[in-house]
Amino acid sequence: MIVWAIIFLVIVGFLFYGSLKNPTTAVAGTLLLFGLEQWGQAKIPILAVNSSFTNYIIGSIVAAALVVQFLKRKIKIGDYPGAGYLVAFLFLYAYASSIWAPNVEVSAAQWRKAWPYIITFVIFAPLLISDTQEIEKMLETFIVLGFILTVLLLFTVTWENRGVLIEYGSSKSMGNPLATAQMAGHIIIATILGSSLSLIKPWRILRWVGVVACIALAVKAGSRGQVISLIFILSFFWAINQKKFSVWTIFTTLAGCTLIGLVIGIFIQEFWGSGNIRWSQEQMTKDVSGRFDMAFRLLSVWWKGDFLTIIFGLGNSASFDHRIIGFYPHVVPLEILGEEGLLGFLFYILIIGLVVHNFFKSYRSTHDLQNYRKIIVTLAAMFVYSFLLTLKQGNFLGNTDMWMLCIFLLRFGVIVKNKNKMQIVTNSG
């Protein structure tokens, strides 16, 4: 246990020290939180007993980084994107709507669990985004520590079915396989599209070893949406990440995605066997249908309501009422429509539209700024990856990483815009 505690402290210490030197590094901690939390609880008894301890540590690192960024005068509220305020408003509106939810106590319980993550991920973490160099260092830290965590999760913990087994005394629980696989997916995207880690000479070869390890982790967790989404994300963003779009770009994209698909197939056979049902097309179709059935059940109750209910929704976390579903519906856009009504859904669509518009505008303006383009493409790919997963898992309050990446992308768009303005001034001078 002492060895595992030392490894845990080294990871946390590295994040804390890195965040003091480069506050944006703390963002890597938010992206690694759930993987670090599950591994720590599985190997260190005190963390299994105090399940929120890792959350407090990462939250403290983000808070310390925020103070450092403030002292460096790098937090500029004037540069905060308008769509970022819309995200904050959507959460405030969702909180207000919980007042008229059918079971206020149930809704309040969901908010008590969610608000620390909302404050840390959605409010504080995006303020740490600064310049290109700091974001590159953050991605490097995320990739390196992510690979270490991936290896630890693959080889040092006990797995039961799909999740990490967490035991302490007579108590026994399972880690969240979806969160583990999502972390692995983000690492893969950042590794392939993002940082080059130029200081490590054999990186071009080593990074693919890390990618294979992350694929193994995602498949072992049995998270089909995370694994399948990766193919679509990488095939699109790999192509547009190149300096020029050509036949060679198409070929390398198809070849790379085909190779990743083969690796996925190998691990499915290794971890799940040839006769597995979970990865069959029939089972996946059945599971998708079941999730949409829950979402449509929510929408049915919403649509049968009065005019005010149609406009303002049933109230946040109404789905958890046993008279509706008794759980969240797994399809976040439809959840927002039913619980926050047409008004909330309008804000949701507006935010997504502004993010897409911002990305393409920034992408076009970084043709001659390759480092900026690399970051904008990487952040966009991570955001779209998180967005796709909201179509099959989690709820509005629980998908804080998507909203965090949403504001990252918007804030970096402001950085790109200011950079272009400086170039215009310099050229005209």
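Just above sits the structure.
Scope of this entry: the structure provided in the associated data block. (Residues numbered from 1 in each chain as written. Predicted model: local features only at pLDDT ≥ 70, side-chain atom pairs only at ≥ 80, totals over all residues. Heavy atoms only, no water.)

Attention now goes to the overall build of the protein. Looking only at helices and strands, the protein has 16 helices and 3 strands in total. Relative to the 2.2 N^0.38 estimate, which gives 22 Å for 429 residues, the radius of gyration of the protein is 22 Å and therefore close to what a compact globule would have. Principal-axis analysis of the C-alpha atoms places the extent of the protein at approximately 65 × 50 × 45 Å. Within the protein, the proportion of its 429 residues that are buried is 54%. (Helix = DSSP H or I, 4+ residues; strand = E, 2+ residues; numbered from the N terminus. Rg over C-alpha atoms; globule rule 2.2 N^0.38 Å. Buried < 20%, exposed > 50% of the residue type's maximum accessible area, 1.4 Å probe, protein only.)

Tallied over the entire structure, the rule returns 24 aromatic pairs. Centre to centre, the rings of W4 and W39 are 6.1 Å apart; their planes meet at 85°, and the pair counts as edge-to-face. Highlighted residues: W4 in helix α1 (residues 2–21) and W39 in helix α2 (residues 26–43), separated in sequence by 35 residues. A residue is classified by how much of its surface remains accessible, and W39, at 0% relative accessible area, is buried. (Phe/Tyr/Trp six-rings, centres within 6.5 Å; stacked < 30°, edge-to-face > 60°.)

Notably, N161 is not glycine yet its phi reads approximately 60°, a positive angle. Relative to the helices and strands, N161 resides in the loop between β1 (159–160) and β2 (163–168). With a relative accessible area of 64%, N161 lands in the exposed category. Residues other than glycine seldom take positive phi values, yet S317 does so here, at roughly 65°. For S317, a relative accessible area of 3% gives the class buried.

As summarised here, the arrangement of the 3 strands in space is β1-β2-β3, forming an open sheet in which the pairing is antiparallel. Both edges of this open sheet fall to β1 and β3 (171–174), since each of them pairs with a single strand only. Note: β2 against β3, 4 bridges, orientation antiparallel. Each bridged residue has a counterpart across the sheet, and for I166 the counterpart in β3 is S173. (Pairing = 2+ DSSP bridges.)

What follows is about the side chain of S319. Residue placement: S319 occurs in the loop between α13 (307–312) and α14 (332–365). Look past the residues within four positions of S319 in its chain and what remains in contact with it is L298, I324, I325, G326, F327, Y328, P329 and E339. (Contact = heavy atoms within 4.5 Å.)

Along its 16 residues, helix α5 (residues 82–97) runs 22 Å from first to last C-alpha, staying within 8% of the 22 Å computed at 1.5 Å per residue. Along α5, the positions that sit buried rather than exposed are A83, G84, L86, V87, L90, F91, Y93, A94 and S97. (Expected span 1.5 Å × (residues − 1).)

Another aspect to go through is the pattern of salt bridges. In total, this model carries 4 salt bridges according to the counting rule given. Across the pair D287 and R224 runs a salt bridge whose closest N-O atoms are separated by 2.7 Å. Here R224 lies in helix α10 (residues 224–240) and D287 lies in helix α12 (residues 281–303), a separation of 63 residues in the sequence. In this structure, D321 engages R323 in a salt bridge whose closest nitrogen and oxygen atoms are separated by 2.7 Å. Residue R323 is classed as exposed on the basis of its relative accessible area, which comes to 57%. (Salt bridge = Lys/Arg side-chain N within 4 Å of Asp/Glu carboxyl O.)

Contact geometry for α2 and helix α7 (residues 132–155): axes closest at 9 Å, N-to-C directions at 10°. Compared by their axis directions, α2 and α7 come out roughly parallel. Contacts between α2 and α7 involve V27, A28, L31, L32, G35, L36 and W39 on the former and, on the latter, M138, T141, F142, L145, G146, L149, L152 and L153. Looking at the contact of α2 with α7 residue by residue, the classes come out as 12 nonpolar, 3 polar and no charged. (Axes fitted to C-alpha atoms, helices over the stretch in contact; angles between N-to-C directions. Parallel < 35°, antiparallel > 145°, perpendicular 65-115°, else oblique. Nonpolar A, V, L, I, M, F, W, Y, C, P; charged D, E, K, R; others polar.)

Turning next to the packing of α12 against α14. Contact geometry of α12 with α14 gives a least axis separation of 8 Å together with a crossing angle of 15°. As judged from the angle between their axes, α12 and α14 are roughly parallel. The two elements α12 and α14 meet at a crossing, and its hand is left-handed. Contact with α12, carried on its side by F292, A295, F296, L298, L299 and W302, involves L334, E335, L337, G338, E339, G341 and L342 of α14 and no other residues of that element. Classifying every residue of the contact of α12 with α14 by side-chain character gives 9 nonpolar, 2 polar and 2 charged. (Left-handed = near helix turned anticlockwise from the far one by under 90°.)

Moving on, we come to the side chain of E335. Examined against the element boundaries, E335 turns out to sit in helix α14. The buried charged residue E335 lacks any salt bridge partner; its closest oppositely charged side chain belongs to K113, at an N-O distance of 12 Å. Every residue in contact with E335, bar those within four places of it in the chain, is listed here: L298, P329, E340, G394, N395 and F396. (Lys, Arg positive; Asp, Glu negative; His and termini not counted.)

In terms of nonpolar packing, the biggest core is built from 116 residues, with F91, I189, I215, F237, F396, W403 and F412 touching the most fellow members. For this core, the element with the highest residue contribution is helix α16 (residues 400–428), accounting for 12 residues. If you look at the next biggest cluster of nonpolar residues, it comprises 13 residues, including L298, L299, L334 and L337. (Core = buried A, V, L, I, M, F, W, Y, C linked by side-chain atoms within 4.5 Å.)

On to the environment of L369. With respect to the helices, strands and loops of the structure, L369 is situated in the loop between α14 and α15 (370–389). Among the residues examined, L369 registers a relative accessible area of 12% and is labelled buried. The spacing of L369 and G18 is 351 residues in sequence and 26 Å in space, taken between C-alpha atoms.

With the rule as written, the count across this model stands at 0 disulfides. Here C214 is not disulfide-linked; the sulfur of C257 is the nearest cysteine sulfur, at 16 Å. C214 gets classed as buried once you look at its relative accessible area, which sits at 0%. (Disulfide = S-S within 2.5 Å.)

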